[in-house]
Amino acid sequence: MAEELEKILLQLTEPDNAVIQQATAQLKQAFKDPAIIPALCAVMSGSQNPQIRQSAAVMLRLRVKKHWKKICPEDRESLKAVVLQVFMQETEHTVQHSLSQLCAVMIKHETPDRWPALLQLLNQATKSSNPRDRQVGLLLLNKVMDANPEPFKPHYCQLLQLFSTVLQDYNNPTALYYCILTLTAITAYTGKEESNQMRSIIPSLIVALQHLIKADQGQAGEAMEVLNELMDTEMSIIVPHAAAIVRFCLEVGSDTTLSDSLRVKALSCIAFLIKLKSKTVLKQKLLNPILQSIFPVLNAAPRPGEQDPEDAEDDSGDGTDNDNPKHCAAQIIDTMALHMPPEKLFEQLMPLTLASLASENPYERKGGLMCLAVLAEGCADHIRTKMLSSVLQTVCQSLSDSNQVVRSAGLFALGQFSEHLQPEVSQYCAELMPLLLGYLSSLNQAKVGHVTKAFYALENFMENLGADIEPYLPTLMDTMLSALNNAENLKIKELAVSAIGAIATAAHELLVPYFLPVIESLKGFLTATTEEMRSLQTQSLGTLATLARTVGNNVFGPLAAECVKLGLNLTDTIDDPDLRRCTYSLYSAVSTVSPDCLTPHLTAITTVMLLALRSSEGITAHVEEDKTFVLLDEDDNDSDPDNDQLLDDEPAIDIHDASGYIVENSYIDEKEDACDALGEIAFSTGVAFQPFLESSFQEVYKLRDFPHEDVRRAAFGAMGQFCQAQHKVWQENPTEANHQALHKLLDVVLPCFVEAVRREPERQVVMGILENMNNVMKSCKEEAFKDPSRLKEISNVIRDVLKQGTACQGGDSDETDDEEQQAEYDAMLQEYAGEGIPLVASCVPADRFAPFLNDVLPLILSKAKSSCTVADRSFSVGTIGEILQALVGVSGGQKVASKLSKRLLPVLVAGVRDSDSEVRNNSVFGLGCLAQAAGPIGVSDYPMMLSVFSNMLTRESNLRVIDNLCAALCRMILTNVEAVPLEQVLPALVAHLPLKEDLEENKTVFSCLTMLYTHSPDMVVNLMKPIVAASSHVLGSKDVDKETQSILVLLMKEFALQHSANFQAAVTSLPVEQQAKLGAVVSAS
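Please read all numbers here as calculations on a predicted model, not as lab measurements. Every chain's residues receive numbers from 1 upward, in the order its sequence appears when written. Where totals are concerned, whole chains, interfaces and linings use all residues; where local detail is concerned, this predicted model gives features only for residues with pLDDT of at least 70, and gives and counts side-chain atom pairs only at 80 or more. Excluding hydrogens and water, the side-chain figures rest on all heavy atoms present in the structure.

**Quick word on the overall build of the protein**
Next up, step 1: We count a stretch as a helix when DSSP gives it H or I for four or more residues in a row; a strand needs E for two or more, and each element gets its number in order from the N terminus. The helix and strand tally for the protein stands at 56 helices and 2 strands.
Next up, step 2: Atoms considered for the radius of gyration are the C-alpha atoms alone. The globule rule reads 2.2 Å times the number of residues to the power 0.38. Taken over the C-alpha trace, the protein has a radius of gyration of 35 Å; the compact-globule value for 1085 residues is 31 Å, and the two agree within 12%.
Next up, step 3: Taken along the three principal axes of its C-alpha coordinates, the protein extends 120 × 70 × 60 Å.
Next up, step 4: The buried share of the protein, taken over its 1085 residues, is 55%.
Next up, step 5: Here a residue-residue contact requires only that any non-hydrogen atoms of the pair lie within 4.5 Å. Sequence separation of at least 24 residues holds for 75% of the intrachain contacts in the protein that already meet a minimum separation of 6.
Next up, step 6: With the model as given, the accessible surface of the protein reaches about 45,800 Å², and the carbon-plus-sulfur share is 51%.
Next up, step 7: Just so you know, the count uses Lys and Arg for positive and Asp and Glu for negative, and it drops His and the chain ends. A charged residue contributes its charge at one atom only: NZ of Lys, CZ of Arg, CG of Asp or CD of Glu. Seen as two clouds, the 87 positive and the 140 negative side-chain charges of the protein have centres 5 Å apart. Here's how the labels work: a residue is buried when its accessible area is under 20% of the maximum for its type, exposed when over 50%, partly exposed in between, all with a 1.4 Å probe on protein chains only. Computed by Shrake-Rupley with a 1.4 Å probe, the accessible areas treat only the displayed protein chains as cover when residues are assessed.

**Side note on the nonpolar core**
Next up, step 1: Here the nonpolar core consists of buried residues drawn from Ala, Val, Leu, Ile, Met, Phe, Trp, Tyr and Cys, with membership extended through side-chain atoms lying within 4.5 Å. By size, the foremost hydrophobic cluster in this structure holds 378 residues, and its most contacted members are Leu205, Ile290 and Leu476.
Next up, step 2: Apart from residues lying up to four places away in sequence, Leu205 is in contact with Leu167, Ile180, Leu183, Val226, Leu227 and Leu230.

**Overview of the environment of Ala682**
Next up, step 1: With respect to the helices and strands, Ala682 occurs in helix α36 (residues 665–685).
Next up, step 2: The sequence separation of Ala682 and Phe722 amounts to 40 residues, and the corresponding C-alpha distance is 6.4 Å.
Next up, step 3: If sequence neighbours within four positions are ignored, Ala682 has contacts with Phe689, Leu693, Phe722 and Ala725.

**Quick look at the environment of Ala185**
Next up, step 1: The topology assignment puts Ala185 in helix α10 (residues 173–187).
Next up, step 2: Residue class for Ala185 comes out buried when judged on its relative accessible area of 14%.
Next up, step 3: As for Ala185 and Val144, which are separated by 41 residues in sequence, their C-alpha atoms are 9.9 Å apart.
Next up, step 4: Residues contacting Ala185, with those up to four places away along its chain left out, are Met145, Asp146 and Pro149.

**Some points on unusual backbone geometry**
Most peptide bonds are trans, and most residues other than glycine sit at a negative phi.
Next up, step 1: Following Gln422, the chain continues to Pro423 via a peptide bond in cis, the omega torsion being 0°.
Next up, step 2: As for its placement among the helices and strands, Pro423 is situated in the loop between α23 (404–420) and α24 (429–440).
Next up, step 3: Backbone torsion omega between Leu993 and Pro994 reads 0°, so that peptide bond is classified as cis.
Next up, step 4: If you trace the backbone, Pro994 turns up in the loop between α50 (982–991) and α51 (1002–1015).
Next up, step 5: Notably, Lys285 is not glycine yet its phi reads approximately 55°, a positive angle.
Next up, step 6: In this fold, Lys285 is placed in the loop between α16 (260–283) and α17 (287–298).
Next up, step 7: Assessed through its relative accessible area of 68%, Lys285 is described here as exposed.
Next up, step 8: One non-glycine residue with positive phi stands out, namely Gln804, at about 60°.

**With respect to the pattern of salt bridges**
Next up, step 1: The salt bridge definition used is simple: a Lys or Arg side-chain nitrogen within 4 Å of an Asp or Glu carboxyl oxygen. Taken as a whole and assessed by the stated rule, the structure comprises 51 salt bridges.
Next up, step 2: Notably, a salt bridge pairs Arg365 with Asp401, separated by 3.0 Å at the nearest N-O pair. Taken together, the residues span a long stretch of sequence, with Arg365 in helix α20 (residues 362–378) and Asp401 in the loop between α22 (388–398) and α23 at a distance of 36 residues.
Next up, step 3: Ionic pairing is found between Glu956 and Arg920, a salt bridge with its closest N-O pair at 2.8 Å. Here Glu956 is found in the loop between α48 (942–955) and α49 (959–975), whereas its partner Arg920 is found in helix α47 (residues 917–934), with 36 residues between them in sequence. You'll find Glu956 and Arg920 in the same group, each marked buried.
Next up, step 4: The network of salt bridges with common partners includes Asp308, Glu310, Asp311, Lys326 and Lys366.

**Considering the packing of aromatic side chains**
Next up, step 1: Centres within 6.5 Å make a pair out of two Phe, Tyr or Trp rings, where for Trp the six-membered ring is used; the pair is then stacked when the planes are under 30 degrees apart, edge-to-face when over 60, and tilted otherwise. Applying the stated criterion across every chain, the model contains 10 aromatic pairs.
Next up, step 2: Ring plane angle 20° and centroid distance 6.4 Å describe the contact between Phe689 and Phe722, whose orientation is recorded as stacked. Remark: Phe722 occurs in helix α38 (residues 709–732) and Phe689 occurs in the loop between α36 and α37 (690–702); sequence separation between them is 33 residues. Of the two residues examined, Phe689 and Phe722, each falls in the buried class.
Next up, step 3: Pairing Phe697 with Tyr701 gives two aromatic rings, centres 5.6 Å apart and planes at 20°, and the pair type is stacked. Linking Phe697 with Tyr701, this pair stays in helix α37, spanning 4 residues, or about one helical turn.
Next up, step 4: Looking at Phe697, the relative accessible area reads 11%, which means it is buried.
Next up, step 5: Every member of this aromatic cluster is reached through a ring pair, and the members are Phe689, Phe692, Phe697, Tyr701 and Phe722.
Next up, step 6: Counting as a charge over the ring demands two things of the Lys NZ or Arg CZ atom: a distance within 6 Å of the ring centre and an angle within 35 degrees of the ring normal. When the ring centre of Tyr701 is taken as origin, the NZ or CZ atom of Arg704, which lies over that ring, is 3.8 Å away.

**Notes on α20**
Next up, step 1: Here a helix's expected span is defined as the number of its residues, less one, multiplied by 1.5 Å. In this model α20 runs 26 Å from its N-terminal to its C-terminal C-alpha over 17 residues, within 8% of the 24 Å that 1.5 Å per residue would give.
Next up, step 2: Among the 17 residues of α20, 14 are classified as buried, and the element is accordingly described as predominantly covered.

**Overview of the side chain of Glu672**
Next up, step 1: Among the secondary structure elements, Glu672 is positioned in helix α36.
Next up, step 2: Apart from residues no more than four positions distant in its own chain, Glu672 is found in contact with Asp710, Val711, Arg713 and Ala714.

**Quick word on the confidence of the model for the protein**
Next up, step 1: The pLDDT averaged across the protein works out to 90; a share of 93% of its residues lies at or above 70.
Next up, step 2: Values of pLDDT, which run from 0 to 100, indicate the predictor's confidence residue by residue. Counting interchain partners and residues more than four positions distant, the pLDDT-below-50 stretch residues 621–662 has 72 contacts.
Next up, step 3: Scored below 50 in pLDDT, residues 813–818 shows 7 contacts in the model against residues more than four places distant or in partner chains.

**Regarding helix α6 (residues 93–109)**
Next up, step 1: Its 17 residues give α6 an end-to-end C-alpha distance of 25 Å, which sits within 8% of 24 Å, the value for a rise of 1.5 Å per residue.
Next up, step 2: Across the 17 residues that make up α6, a large majority, 14, are buried.

**Details of the side chain of Thr187**
Next up, step 1: Among the secondary structure elements, Thr187 is positioned in helix α10.
Next up, step 2: Leaving out residues up to four positions away in the same chain, Thr187 has contacts with Met198, Glu229, Leu230 and Thr233.

**Structural notes on the packing of helix α39 (residues 736–759) against helix α41 (residues 790–802)**
Next up, step 1: Close contact between α39 and α41 brings their axes to 10 Å; oriented N to C, the two are set at 20°. By the angle between their axes, α39 is roughly parallel relative to α41. Our pair here, α39 against α41, has a crossing hand that is left-handed. For the pair α39 and α41, contact is made by Leu746, Asp747, Leu750, Pro751, Val754, Val757 and Arg758 and by Arg790, Glu793, Ile794, Asn796, Val797, Asp800 and Val801, respectively.
Next up, step 2: Each residue belonging to the contact of α39 with α41 can be placed in one class, and the counts come to 8 nonpolar, 1 polar and 5 charged. A fitted line through C-alpha atoms represents every axis, and for helices the fit uses only the stretch in contact; the resulting angles, taken between N-to-C directions, go from 0 to 180 degrees. The labels follow the angle: roughly parallel below 35 degrees, roughly antiparallel above 145, roughly perpendicular from 65 to 115, and oblique for the rest. The hand of a helix crossing depends on one turn: near helix anticlockwise from the far one by less than a right angle means left-handed, and clockwise means right-handed. Here the term charged refers only to Asp, Glu, Lys and Arg, the term nonpolar to Ala, Val, Leu, Ile, Met, Phe, Trp, Tyr, Cys and Pro, and the term polar to all other amino acids, Gly among them.

**A short note on the environment of Asp847**
Next up, step 1: With respect to the element layout, Asp847 can be found in helix α44 (residues 846–861).
Next up, step 2: Assessed through its relative accessible area of 57%, Asp847 is described here as exposed.
Next up, step 3: The sequence separation of Asp847 and Gly892 amounts to 45 residues, and the corresponding C-alpha distance is 6.3 Å.

**Notes on the state of the cysteines**
Next up, step 1: Only a pair of cysteine sulfur atoms within 2.5 Å counts as a disulfide in this structure description. Under the defined criterion, the tally for this structure stands at 0 disulfides.
Next up, step 2: In this model Cys103 remains outside any disulfide bridge; the closest cysteine sulfur is found in Cys41, 11 Å from its own.
Next up, step 3: The exposure class assigned to Cys103 is buried, which follows from its relative accessible area of 0%.

Okay, structure coming up:
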């Protein structure tokens, strides 16, 4: 059979299709003969043609991979012997490679102890004095270890001894390459017993990589993955060598004679080290050397005749996704900003940045602007509070630079500032909007790439303007509508459609006059069928979803049903993940406006979304695979009745093994948007979603360990919304079945959240989980704590975050230091956890909450010190205030609050004297809540508190703080009216009404005035004129809730009924519009 088989394999290499087809048919027949295995072995060992030998090895591998259990034991043993013998005799590298891959597949079925000959051969070959034998031995070792590293664990110490020898074999780069790849493969499986050996290998490893770079940059790039793997697996191995690794990576990253991909690999290693161990980088004084090396990379001019990718005409404009050394240098600074205390970073970074910005060289000016841009996210508080005016001035100047490269970088920086430095950056509206509108006036003449950047900056800036956009609205909308109707370039139309979405986000109802022409244009784009319109259609769906959320139900409602049908028609006719995900966002938006329009289509909508969640489309296995014979092997068992069982021993693609798969972004985005949409639709449609809740939950729950962090974040978000949706359904239909369904969900979701907060490596995901857990507690209240162990679980995980003990915070005891400075994002993570404390307090009786509060209170109070950042001080006193406010509403709260009074009072009183208005505001709020929570026991502190507030009222200029002073006085009056000298306090209080900024506190103020009207009517009647005047501003305001409006209406009616003359006099002193408003309220039944 072997001769016949060799002929068939030879025919498969012929350039004639007919011959190949005939040979394939013969081969399929041959594969039905059990003697195929020995025959392939004979060809593999005996053929004179290397291509045929390789083909035989590949076919054997495919056979073994799928049908190992069906091969008889004699053939298995024979194959094990033959493959090793052939491997050592083989002289062609390509054949050796295929043979090593065959061994790798076999080792998945035959563990090392069942194949002693393999271990023996590896041992002899890797230690041979013949360089070629060592090379081949290391190739085989690499392939079998890569395929199944765990069973070799007993041999790791021996292997590491071998590696330390091989890594010094500098004249044999191929041996170095396979040795380092094998080290990479076992790193994740090594434990404490190997760590000393691993640590001692690092210096030789760095030298070996340097030699490999000289020999083969492609192989060196692959081998450098070992550094990331070591950092990811066991940081204690790396820390002692951090300086040497950084030095090596900086040398490679800075060397312009090396390939871009190798330099990117080296610079990425530094970014990864900073992300995982920023404190080590600071402690070992590596920050300055890194900055000194990466600034020349960031500031480098491109090669003559070339452009940086982001300056090319076809760039997307958001400054992302260009994998080149310059982009990596910016990424390192971005990572520093996210993971280092701003004070320490800026001290060393700003001199280099300022020097770049002042340079004559445009690429250095660009580098300085890129640096400012990437700092905005991670160091937002620092920039907003310490240097916003000066950096904005710099960016504004760059927008009129003579060089377009600099202007483009300035637009990118402005877009980043607009996104991350809110709300302060919007206060520069008058200076920035004319500059940005200037760019739009030359839409048709400018290059599309540059216009894209102008739109990126404009959109990010406009989105946050709110009603301040009104003066610019006519110009903006004329420009956008003109672009929709007249622009020849589809990209310009797409940018205009996107910008309309941003304008709508700010303008809300102010956009209504332009709504119809916008909708007509969008409909035109969405009903087009040509491929070139796809991107514009996707953007149109996004903007349609934004309009649904912003222009109001009255305007959008009539179109809701049509929009849902439009989305379903598009996904029926076009298979495109980007288009589908935008329909999900549209359905989600429609569900908030007109849930009934969605109900008839929920089956169709959820079917598409669940398919997206289950799909492994866009996820491709990244393995070395010979494709030639795959089809043949797939088909060879068509008629086999046991076909279903053939794959039992070979699992399907496991997408959770992220390292082995390449994932296309569009499919990732689709999963993320499907999760987000399912959660919101479930909540908005309520009972109608019940038939789909369980299947949706099951698919979303599976994604909690998905390799991509954005999908994990969205999955946790949807799980939280499903709980809130079920709670709402139970409240509206309080049946036992609905109650049980709620607890079934809570019992899975809350423990899942708690576990994920502890082990999830990405901070952003953990922030999302904490936010979702807070939302579930806010909605479900005491229902979330029905399980007796739940309070302890949630309380402990909040404490762990405040103590920086979770995986994403490093979770290391070796790095805890006394320094108060930390990265802003680390502080933000703790704030998310801190927001959970008052929510826990509001859900359980105070005596159950008290032990947990005693545990975390020192952690909160430690952030109130004057040496802490503004953000920390604000968080500390704000959290204290909210805890006290929560205690007001729970049983036993007064007792707990009065016990805490002595500890909290000095902190809050110090806070009202803070230089920062937000800290003062939160402290005043806290004092009011302390008075309210402590009840009669707190009366002894009233004189001191009143004295503090009196002094503040005369000095304070911040309107929000004044509003909170009024509310705090009202809380004191509401709690202990007899303890407040009303003759002095009430006129001062009323004189500062109406509230200007913190409109939520109107409820406190008018509840207090209503109570006082009952308690001391004469005093209130004497102040009727200013009270009525203040009320006229609050009545009918869309920023004041219905409950407050009702309290106020009742008070006005009482005034009109009992003191009509005084009331009339107060009303007639007001402007006509306000008179009419009050008249209508009083006369309404």
